[in-house]
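# Overview (structure and organization)
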Amino acid sequence: MSDYTVVIPARYASSRLPGKPLLDIAGEPMIVHVWRLAGLSGASRVVVATDDERIRDAILTVGGEALMTDRDHPSGTDRLAEVADRLSLAPDEILVNVQGDEPLLPPGLIEQTALRLADDPVASIATLAEPIASVDALFNPNVVKVVRDLEGRALYFSRAPVPWDRDAFTNRPQLLAHDAWLRHIGLYAYRAGFLFAYRQWSPSSLEQLEQLEQLRALQHGHRILVALAREPHPAGVDSPDDLERVRTWLTTAASKG
């Protein structure tokens, strides 16, 4: 499959890692690593959407495509909608939103997300999840949980440990008894027509409570497909420790050829 576009939103501002997309990893800016991986996914087009000329120039230097977008978008989805509009995409065209701080993202997961949406003409969004095996991860509000129906469609996303095991969670457990809990992976495929509608909606009540923008789509009745990732999803770069971990990994990989 090659008839989808990857869009990589990349903002310069970051509270913990200022200028994060431009931080050096193995001799190149992080955003270049992400752009290159996205190009290996089979996408017909890869576009970096940024609010900073330095990020744009880093991509143009390596022969990539970048668009300057509005600095004041309230979410990455809103930024994606602007890109879909400016690229004059047809309503049924598929875009995959790849975060600009995931320089280890397997290209196969990008393709899997796009294919999942292409397989269901009714759905507006497709995304991925993976099992949660750690109690600490389940109770960590920074790890977003997702509950699916029997057809793999999202019922709810939450920072809380859902579903709640009424008997086992009276006291915090030491181990998880089974694989009922899924961690949401923030990789999304959208139909362009959905994005055009999304940008007209105000933030929803659940979205504001949980600070999860995908809940806006659920509250408006849109179908979100959630597939289990077919390969491990490495963590992105959210902290200085993450940055050093990725630097070590990529530098070692480069030295091995």
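Refer to the structure above for everything that follows.
In this report, we go over the structure that sits alongside the text. Worth saying up front: this structure is predicted, and the values here are computed from it rather than measured.

## Here's the deal with the overall build of the protein
From N to C terminus, the protein includes nine helices and 11 strands. Against the globule reference of 18 Å for 257 residues, the protein gives a C-alpha radius of gyration of 18 Å, in line with a compact fold. Along the first, second and third principal axes, the C-alpha set of the protein runs to 55 × 45 × 35 Å. Taken over 257 residues, the protein has a buried fraction of 50%. Sequence separation of 24 or more characterises 68% of the internal contacts of the protein that already satisfy a separation of 6 or more. When the accessible surface of the protein is summed, it comes to about 12,200 Å², and 51% of that surface belongs to carbon and sulfur atoms. In the protein, which carries 26 positive and 35 negative side-chain charges, the distance between the mean positions of the two groups comes to 1 Å.

## Some details on the layout of surface pockets
If a probe as big as a water molecule is rolled over the atoms, it shows which places are left empty. Empty space within the largest pocket amounts to approximately 1,700 Å³. In terms of lining, the largest pocket is formed by 46 residues, of which the most central are K20, Q99, D101, E213 and D238. Elements with a contribution of two residues or more to the lining of the largest pocket: β1 (4-10), α3 (76-86), β10 (182-191), α7 (205-210) and α8 (214-219). Considering every element that reaches the lining of the largest pocket, the biggest residue donor is β10, with six residues. Among the residues making up the lining of the largest pocket, the classes are represented as 15 nonpolar, 18 polar and 13 charged. Estimated volume of the second largest pocket: approximately 190 Å³. Taken together, H33, R36, L37, L40, P103, L104, L105, P106, P107, P234, W249 and L250 form the lining of the second largest pocket. Of all the secondary structure elements, the ones that give two or more residues to the lining of the second largest pocket are α1 (30-39) and α9 (240-255). Sort the elements by how many residues they give to the lining of the second largest pocket and α1 lands first, with three residues. By residue class, the composition of the lining of the second largest pocket is 10 nonpolar, one polar and one charged.

## What to know about the packing of α1 against helix α2 (residues 53-61)
One can describe the packing of α1 onto α2 by two numbers: an axis separation of 10 Å at closest approach and a directional angle of 50 degrees. One finds that α1 runs oblique with respect to α2. When the axes of α1 and α2 are compared, the crossing they make is right-handed. Here I31, V32 and W35 of α1 come into contact with α2, specifically with I55, A58 and I59. Grouping the amino acids of the contact of α1 with α2 by side-chain chemistry returns six nonpolar, no polar and no charged.

## Comments concerning α2
All of the buried residues along α2 are I55, A58 and I59. Each buried residue of α2 lies within a common arc of 95 degrees when the element is viewed along its axis, so the set occupies one face. Considering only its buried residues, α2 is in contact with β1, β3 (28-29), α1, β4 (45-50) and β5 (65-68). A distance of 2.8 Å separates the backbone nitrogen of R54 from a side-chain oxygen at the start of α2, and that oxygen is part of D52. Where α2 ends, the next residue or the one after it, G63, has phi of about 90 degrees, a positive value.

## A look at the pairing of β10
Within β10, eight of the 10 residues are buried, which leaves the element mostly enclosed by the surrounding structure. Pairing analysis gives four bridges linking strand β6 (residues 94-97) to β10, with the strands arranged antiparallel. Across the sheet, L95 pairs through a bridge with Y190, a residue of β10. Bridge count between strand β8 (residues 145-148) and β10: two bridges; the pairing is antiparallel. Bridge pairing links V146 to L182 in β10.

## Re helix α4 (residues 107-118)
Over its 12 residues, α4 extends 17 Å from the first C-alpha to the last, a length consistent with the 16 Å expected when each residue adds 1.5 Å. Those residues of α4 lying buried are P107, G108, L109, I110, Q112, T113, A114 and L117. Contacts made by the buried residues of α4 are with β1, α1, β6, β7 (125-131), β10 and β11 (224-228).

What counts and how
- Residues numbered from 1 in each chain as written.
- Predicted model: local features only at pLDDT ≥ 70, side-chain atom pairs only at ≥ 80, totals over all residues.
- Heavy atoms only, no water.
- Helix = DSSP H or I, 4+ residues; strand = E, 2+ residues; numbered from the N terminus.
- Rg over C-alpha atoms; globule rule 2.2 N^0.38 Å.
- Buried < 20%, exposed > 50% of the residue type's maximum accessible area, 1.4 Å probe, protein only.
- Contact = heavy atoms within 4.5 Å.
- Areas by Shrake-Rupley, 256 points an atom, 1.4 Å probe, with all protein chains shown as cover.
- Lys, Arg positive; Asp, Glu negative; His and termini not counted.
- Charge placed at Lys NZ, Arg CZ, Asp CG, Glu CD.
- 1 Å grid on protein atoms, 1.4 Å probe; cavity = no way out; pocket = protein on both sides within 12 Å on 5 of 7 lines; lining within 4 Å.
- Points joined across faces, edges and corners; volume = space filled by probe spheres on them.
- Nonpolar A, V, L, I, M, F, W, Y, C, P; charged D, E, K, R; others polar.
- Axes fitted to C-alpha atoms, helices over the stretch in contact; angles between N-to-C directions.
- Parallel < 35°, antiparallel > 145°, perpendicular 65-115°, else oblique.
- Left-handed = near helix turned anticlockwise from the far one by under 90°.
- Arc of directions from axis to C-beta.
- Polar contact = N/O pair within 3.5 Å; in protein donor to acceptor, adjacent residues only side chain to side chain.
- Pairing = 2+ DSSP bridges.
- Expected span 1.5 Å × (residues − 1).

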